[in-house]
Amino acid sequence: FLQDMALRHGVPVYEGLKLRSPETITLIRSLRPDLIIVSSFRQIVPSEIIAIPSKGVINVHPSLLPKYRGATPTYWVLVNGEKETGVTVHFIEDEKIDCGRILTQDVLRIKDDDTDGTLRRSLAELSEKTLKDALEIIKNSSIKRDHNDESPASSFPKRSSGDSIIDMNIPIEEIKRKIRALTPYPGARIVSGGKEYMVSSAE
């Protein structure tokens, strides 16, 4: 894991930092980073930290931005029956979520039997290439200064516990997509006779 690798190489690891605290901002300034990389991070990076690294702050996001901004894009692409998704690396230039100039993207075809779990794994494997390509672009200073086309932009909320309950009145194809989107976590459930039942698949 990343933490173990860092410790083996004598790289300091800091956990539980609150990015808006003055102590954290002072710490990051003292480290004088050239580049900050964010991935699956639950805190918004404040402007004080965005301004620190000379090469900027970049984010690795598991969708084809500007589509599917938000915390759980894999859930929503499956629920919505998308045929493809991907990995985007973009600059964080302000405190807006999943915005900023796009450095590079890679497309991933969604398989008919993909679940949230298998899709996340495939995107994680793809992100290695996407991030490597982004770092080469930054290293070679070949960054495009154009802003993103916002016309196809979409944002979706974080998946909630209520999303795991299956509405039995919706079409079967929608039910099957939702089950895949909820597998393996938190799991799809139906309520019948006052009891809840876990559902792993449907036909």
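The structure under discussion appears in the preceding block.
The structure reproduced in this document is the subject of the present report. (Residues numbered from 1 in each chain as written. Predicted model: local features only at pLDDT ≥ 70, side-chain atom pairs only at ≥ 80, totals over all residues. Heavy atoms only, no water.)

Before going further, it helps to examine the layout of surface pockets. Approximately 1400 Å³ is the volume found for the largest pocket. Among the secondary structure elements, those contributing two or more residues to the lining of the largest pocket are helix H1 (2–8), helix H2 (22–31) and strand E1 (36–39). Here the lining of the largest pocket is composed, by residue class, of 22 nonpolar, four polar and one charged. Quantified by volume, the second largest pocket comes out at close to 1100 Å³. Of all the secondary structure elements, the ones that give two or more residues to the lining of the second largest pocket are E1, strand E2 (57–61), helix H4 (73–79), strand E3 (84–91) and helix H5 (116–139). The biggest single contributor to the lining of the second largest pocket is H5, with four residues. Residue classes in the lining of the second largest pocket are distributed as 16 nonpolar, 13 polar and nine charged. (1 Å grid on protein atoms, 1.4 Å probe; cavity = no way out; pocket = protein on both sides within 12 Å on 5 of 7 lines; lining within 4 Å. Points joined across faces, edges and corners; volume = space filled by probe spheres on them. Helix = DSSP H or I, 4+ residues; strand = E, 2+ residues; numbered from the N terminus. Nonpolar A, V, L, I, M, F, W, Y, C, P; charged D, E, K, R; others polar.)

What follows deals with unusual backbone geometry. Of the consecutive residues Thr183 and Pro184, the connecting peptide bond is found in the cis state with omega at 10°. Each neighbour pair has its own omega, and for Tyr185 with Pro186 the value is 0°, a cis peptide bond. When you line up the elements, Pro186 lands in the loop between helix H6 (172–181) and strand E5 (188–192). At Arg32, a position not held by glycine, the phi torsion is positive, near 50°. Summarising the element assignment, Arg32 is placed in the loop between H2 and E1. Taking relative accessible area as the criterion, Arg32 reaches 70% and is therefore assigned exposed. (Buried < 20%, exposed > 50% of the residue type's maximum accessible area, 1.4 Å probe, protein only.)

Within the sequence span of H2, burial applies to Thr24, Ile25 and Ile28. Here the buried residues of H2 occupy an arc of 100° about the axis, which is enough to place them on one side. The exposed set on the far side of H2, more than 90 degrees from its buried face, consists of Pro22, Glu23, Thr26 and Ser30. Arg32 sits one or two positions beyond H2 and adopts a positive phi of about 50°. (Arc of directions from axis to C-beta.)

This next bit is on the side chain of Arg159. Turning to its location among the elements, Arg159 is positioned in the loop between H5 and H6. Those residues in contact with Arg159 that sit more than four places away from it in its chain are Thr72, Tyr75, Asp116, Arg120, Ala181, Leu182, Tyr185 and Pro186. (Contact = heavy atoms within 4.5 Å.)

This brings us to the environment of Ser161. Relative to the helices and strands, Ser161 is located in the loop between H5 and H6. Sequence-wise, Ser161 and Pro186 are 25 residues apart; in three dimensions their C-alpha atoms are separated by 7.7 Å.

This brings us to the pattern of salt bridges. Should their charged atoms come close, side chains of opposite charge can pair. Inspection of the entire model under this criterion finds eight salt bridges. Put simply, Arg101 and Glu93 hold a salt bridge, and the shortest N to O gap is 2.5 Å. In this structure Arg101 comes out as buried when scored by relative accessible area, which is 11%. Across the pair Arg120 and Asp116 runs a salt bridge, and its minimum N-O distance is 2.6 Å. Here Arg120 and its partner Asp116 are both found in helix H5, four residues apart, which amounts to about one turn of the helix. Arg120 gets classed as partly exposed once you look at its relative accessible area, which sits at 38%. (Salt bridge = Lys/Arg side-chain N within 4 Å of Asp/Glu carboxyl O.)

This paragraph deals with the nonpolar core. Within the largest apolar cluster, 27 residues are counted, with the highest numbers of intra-cluster contacts made by Leu103 and Leu119. Elements supplying a minimum of two residues to this core: E2, H4, E3, strand E4 (102–109), H5 and H6. For this core, the leading source of residues is H5, giving six residues. Beyond its immediate stretch of four places on either side in the chain, Leu119 contacts Thr74, Val77, Leu78, Thr85, Leu108, Ile110 and Asp114. Core analysis: the next-biggest nonpolar cluster, separate from the first, contains 10 residues, Val38, Val45, Ile49 and Val57 among them. (Core = buried A, V, L, I, M, F, W, Y, C linked by side-chain atoms within 4.5 Å.)

Limitation: the analysis is restricted to geometry and does not speak to function.
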